[in-house]
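Report on the structure
For reference, the chains in residue letters:
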Amino acid sequence: MSTNRSLVAMDLILFHISADGVILSYNSPEGIQLLGEPEYFMGKNITDIFPSDVSKKAKRCIKDAMIAGDMRYMQYQIKSGDELHDLEATFVLESKERFIVIIKDVTEQLLTHNKRFESERKYRLLADNTIDIIWQMDMSLCFTYVNRSVLDVTGYSVDEVIGSNLSMFFTPEEFGRVISLINNEKCKKSEILSFETNLICKDGTLLPIDIAGKIVFNEKQLPICIQGRTRDISAHVDAKNILLEREIRFKSLFENSNDAVFIHTFDGTILDVNNKACDTLGYSKDFLKTKNIRFLHSDGFDHEVKEHIDDVIENNSSRFESHFKKADGSIIDVEVSVSVIDEDKKIIQGVVRDITERINAEKELQEKEKRFETLVANIPGVTYRCKYDADYTMEYISKEITAMTGYPASDLMGNSVRTYYSLIHPEDVEIVANAIDASFTNDLPYYTVEYRVLDSQGNVHHVSERGRCIFEGGKVMFLDGIIFDITDKKEMDQNVRLFKTIVNGAGDGISIKDVSGKILYVNENFAQMHGFGVDELVGSHISLLRMDDVVCEADLQKASKGRDMTEVIRVRKDSSEFPALMNCFVITDDYNEPVYFSNTVIDITERKRSELITHQAMEVAEHANRTKSEFLANMTHELRTPLNPVIGFSDVLLTETFGRELRLTADFFQSKYFQLKF
């Protein structure tokens, strides 16, 4: 079958037809059976041998050929058995009355053509859709082909480029360079030539491009065209320029950096240093380039250098502090940041910063912090800084808070465990908030507030807080202050109030003064005794009381030994005097030095008056008793003389010498006598 088809494809079927299409004659090639039986053709119209859908087209071709006086052709398909044949019919005007119709089987020809066309279409599609410009020029440098990318790259359309000369895309100088390259020996050997240049776009701008092309030779080694591609390398050039600019900037930064920069190998060999390195260490650049980085480290640190280099090789970067040796032999503290910049070439960059001043500043700061901590520790209270928020979040609070509440300061820093707000007695929360608000509302420099806090055991502590508001941007951001535990003071105040109540209720006058004689305290009784008001005496000198404390001042040693009451004469404000009992004692400090005097005064005017009355009554009684005694003595003397004989005689009778009756009479007489004697 393939042989027959090949033969048929080579045969031409010729028909002579009249002007109206009637077949006059035909040849008989082997392939005529494709059209039908030969005896059927004579006398028929040529349009009858075409398929019905093609006959109208055939009539049109005949008509057009007659009008134009030339030939027309058409292609159509017929089916023979299972095969589809492509036929081509050509209508040639032979004379005004006759046409020659040539019918040819072009199946194989079209098949080959379609394959070639498909291949060309694929390559053209590939060329049209590539980013690069694909082009072809004849040897006069006029474009015979260019893909659609030319529009995107240059702004010219394909139609504008086809037929134009290469010179339209270059300046005269650059075009001369292109011509010289085309005439290069490489091009003449059909080798690909590649070079970079600038192309003039349609809008007049210059575009960096890369051209690669070669001359195409025929079989006789004659040049027939030039083919190649043009690539837009503006992005590459921009990147290259950026890289170059970065290199320039890097070099500038490298040389003008405020830090010393070293470039060295993995083994420590110094490749380059910047100016700052030379200024910092006092060595020349040429000198350092002959040394190993270990040379700069102070003696005894070689092992650390190796450890640091090993660390940066393993982790690509490292940061550490060390010591460098300067040209004058002095040692400086440095901070070193090291990183690998080229792993293949084993190159490391080290940035070295002199931190001697920082180290010294840190030491000074540490000393200041120690002094601050010491100062804070000596303050009898808790110092703090907190945020002005609902929790009073502590940014700093001294460790004295532990003694007050039992909680470590770290618990309150940043509310890590608990808030300071939680320590305030619930009944006093509003008191604290109101005091703070009032300070900035009324533009007060400080606020002072007393409230209660609860310690870790639930015990209540009375505290006094003095603080101030710290403003930022017109808003209160922080609170700074100090908190004192005044629990003991509260108890002392209560005891003092009790003491004052007791002292003021006592009948005695009490006063306290310092060693200079300044009166510090008197009770109401003391002031009234002396005719003064309390306010007149407190703060004044004892000289206001004239003879006050003469005993204490005259005999300090005696006063310091005891508190015996001494009777004295006191002087009132109106210069009148009154008797009093007074004692005086000395209050000493921890070194047994006198710091205060205290005395107690008892007004004994009434007692003195009573004693005087009693003394006078006793004198009267004693005088009466003496008068009585004198009278009795005289009476006894006057009676005794005449009674002596009687007494004697009665003594005899008592002996019962003259009988018992006479003795009884004697007893009676003597009893009466002795009663009278008494």
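Reading the values: the criteria
- Residues numbered from 1 in each chain as written.
- Predicted model: local features only at pLDDT ≥ 70, side-chain atom pairs only at ≥ 80, totals over all residues.
- Heavy atoms only, no water.
- Helix = DSSP H or I, 4+ residues; strand = E, 2+ residues; numbered from the N terminus.
- Patch = residues over 30% accessible without salt bridge, like charges linked within 9 Å, V, L, I, M, F, W, Y side chains within 5 Å.
- Areas by Shrake-Rupley, 256 points an atom, 1.4 Å probe, with all protein chains shown as cover.
- Salt bridge = Lys/Arg side-chain N within 4 Å of Asp/Glu carboxyl O.
- Buried < 20%, exposed > 50% of the residue type's maximum accessible area, 1.4 Å probe, protein only.
- pLDDT = per-residue confidence, 0-100.
- Contact = heavy atoms within 4.5 Å.
- Polar contact = N/O pair within 3.5 Å; in protein donor to acceptor, adjacent residues only side chain to side chain.
- Phe/Tyr/Trp six-rings, centres within 6.5 Å; stacked < 30°, edge-to-face > 60°.
- Pairing = 2+ DSSP bridges.
- Axes fitted to C-alpha atoms, helices over the stretch in contact; angles between N-to-C directions.
- Expected span 1.5 Å × (residues − 1).
- Arc of directions from axis to C-beta.

As for the environment of Val 417
Following the sequence through the fold, Val 417 ends up in the loop between helix H14 (409–412) and helix H15 (429–441). Here the alpha-carbon distance between Val 417 and Tyr 407, two residues 10 residues apart in the chain, equals 9.8 Å.

Quick look at a nonpolar patch on the surface
A surface patch of nonpolar side chains, amounting to about 230 Å² of accessible area, comprises Leu 520, Ile 587 and Tyr 596. Relative to the assigned elements, Ile 587 resides in strand E24 (residues 577–588). Exposure remark for Ile 587: the relative accessible area of 31% places this residue in the partly exposed category.

Points about unusual backbone geometry
Unusually for a residue other than glycine, Ser 575 sits at a positive phi of about 80 degrees. Position of Ser 575 relative to the elements: it lies in the loop between strand E23 (566–571) and E24.

A word on the confidence of the model for the chain
In the predicted model, the chain carries a mean pLDDT of 81, and the fraction of residues at 70 or more is 83%. When the elements of the chain are averaged for pLDDT, helix H1 (residues 2–10) gives the smallest value, 37, and strand E18 (residues 447–454) the largest, 94. Low pLDDT, under 50, characterises residues 548–552; the predicted model gives this stretch 13 contacts beyond four residues in sequence or across chains. Contacts for the low-pLDDT stretch residues 554–558, under 50 throughout, to residues beyond four places or in other chains number two contacts.

Remarks on the pattern of salt bridges
Across all of its chains, the model carries 20 salt bridges by this definition. Taking the shortest distance from any N to any O, the salt bridge between Asp 132 and Arg 231 comes out at 2.8 Å. Here Asp 132 is found in the loop between helix H3 (107–128) and strand E6 (133–137), whereas its partner Arg 231 is found in strand E10 (residues 223–232), with 99 residues between them in sequence. With a closest N to O distance of 2.8 Å, Arg 353 and Asp 259 form a salt bridge.

Quick word on the side chain of Thr 107
Assignment of secondary structure puts Thr 107 in helix H3. Judged by its relative accessible area of 10%, Thr 107 falls in the buried class. Within the structure, the side chain of Thr 107 is placed 2.8 Å from the backbone nitrogen of Asp 86, a separation counted as a polar contact. Within the structure, Thr 107 has its side chain in polar contact with the side chain of Asp 105 (distance 2.6 Å).

Here's the deal with the packing of aromatic side chains
Scanning the model with the defined rule gives 11 aromatic pairs in all. Judged by centre distance (5.7 Å) and plane angle (90 degrees), the rings of Phe 143 and Phe 169 are edge-to-face. Residue Phe 143 is found in strand E7 (residues 143–146), and its partner Phe 169 is found in the loop between helix H5 (158–161) and helix H6 (172–182); the two are separated by 26 residues along the sequence. Taken as a pair, Phe 143 and Phe 169 share a single burial class, namely buried. Where Tyr 283 meets Phe 295, the ring centres are 5.6 Å apart and the plane angle is 65 degrees; that geometry is what we call edge-to-face. With Tyr 283 in the loop between helix H9 (275–281) and helix H10 (285–288) and Phe 295 in the loop between H10 and helix H11 (302–315), this residue pair connects regions lying 12 residues apart in the sequence. Through a chain of ring-to-ring contacts, three or more aromatic side chains come together here, namely Trp 135, Phe 143, Tyr 156 and Phe 169.

A look at the sheet that holds E7
Strand order in the open sheet formed by five strands is E7-E6-E10-E9-E8, with antiparallel pairing between adjacent strands. In this open sheet, the two strands that pair with only one neighbour each are E7 and strand E8 (193–200). Geometrically, the sheet is characterised by an average inter-axis angle of 30 degrees between neighbouring strands, direction not taken into account. Here five bridges tie E6 to E10, and the two strands are oriented antiparallel to one another. Looking across to E10, one finds that Ile 133 is bridged to Thr 230. In the packing of H6 onto the sheet, the strands contacted are E8, strand E9 (206–217) and E10, and the crossing angle to E8 comes to about 160 degrees.

Details of H15
For H15, spanning 13 residues, the distance from its first C-alpha to its last is 18 Å, which sits close to the expected 18 Å at 1.5 Å a residue. Every buried residue of H15 is accounted for by Val 429, Val 432, Ala 435, Ile 436 and Ser 439. Down the axis of H15, the buried side of the element spans an arc of 140 degrees, and every buried residue falls inside it. Opposite the packed face of H15, turned more than 90 degrees from it, sit the exposed residues Glu 430 and Thr 441. Where H15 is buried, its residues meet E18, strand E19 (460–472) and strand E20 (475–485). Positive phi appears at Asp 443, one or two residues downstream of H15, with a value of about 55 degrees.

Thoughts on the environment of Tyr 521
Relative to the helices and strands, Tyr 521 is located in strand E22 (residues 519–522). Judged by its relative accessible area of 16%, Tyr 521 falls in the buried class. Placed 77 residues apart in sequence, Tyr 521 and Ser 598 show a C-alpha to C-alpha distance of 9.2 Å.

A look at the sheet that holds E24
Spatial strand order, E22-E21-E25-E24-E23: five strands in an open sheet with antiparallel pairing. One side of each edge strand has no neighbouring strand; the edge strands of this open sheet are E22 and E23. Averaged over all pairs of adjacent strands, the angle between their axes in this sheet comes to 30 degrees, without regard to strand direction.

Quick look at the side chain of Arg 570
For Arg 570, the position within the fold is in strand E23. In terms of polar contacts, Arg 570 uses its side chain to reach the side chain of His 530, at 3.1 Å.

Comments concerning the pairing of strand E11 (residues 260–265)
Most of E11 sits out of view: six of its six residues are buried. Both faces of E11 are covered, namely the face carrying Ala 260, Phe 262 and His 264 and the face carrying Val 261, Ile 263 and Thr 265. Alignment of E11 against strand E15 (residues 347–354), held across six bridges, turns out to be antiparallel. Bridge pairing in E15 links Ala 260 to Val 352. Looking at chain direction, E11 and strand E12 (residues 270–273) are connected through three bridges and run antiparallel. Across the sheet, Ile 263 pairs through a bridge with Asp 272, a residue of E12. The loop that links E11 with its antiparallel partner E12 comprises four residues; one of these, Gly 268, has a positive phi angle of about 100 degrees.

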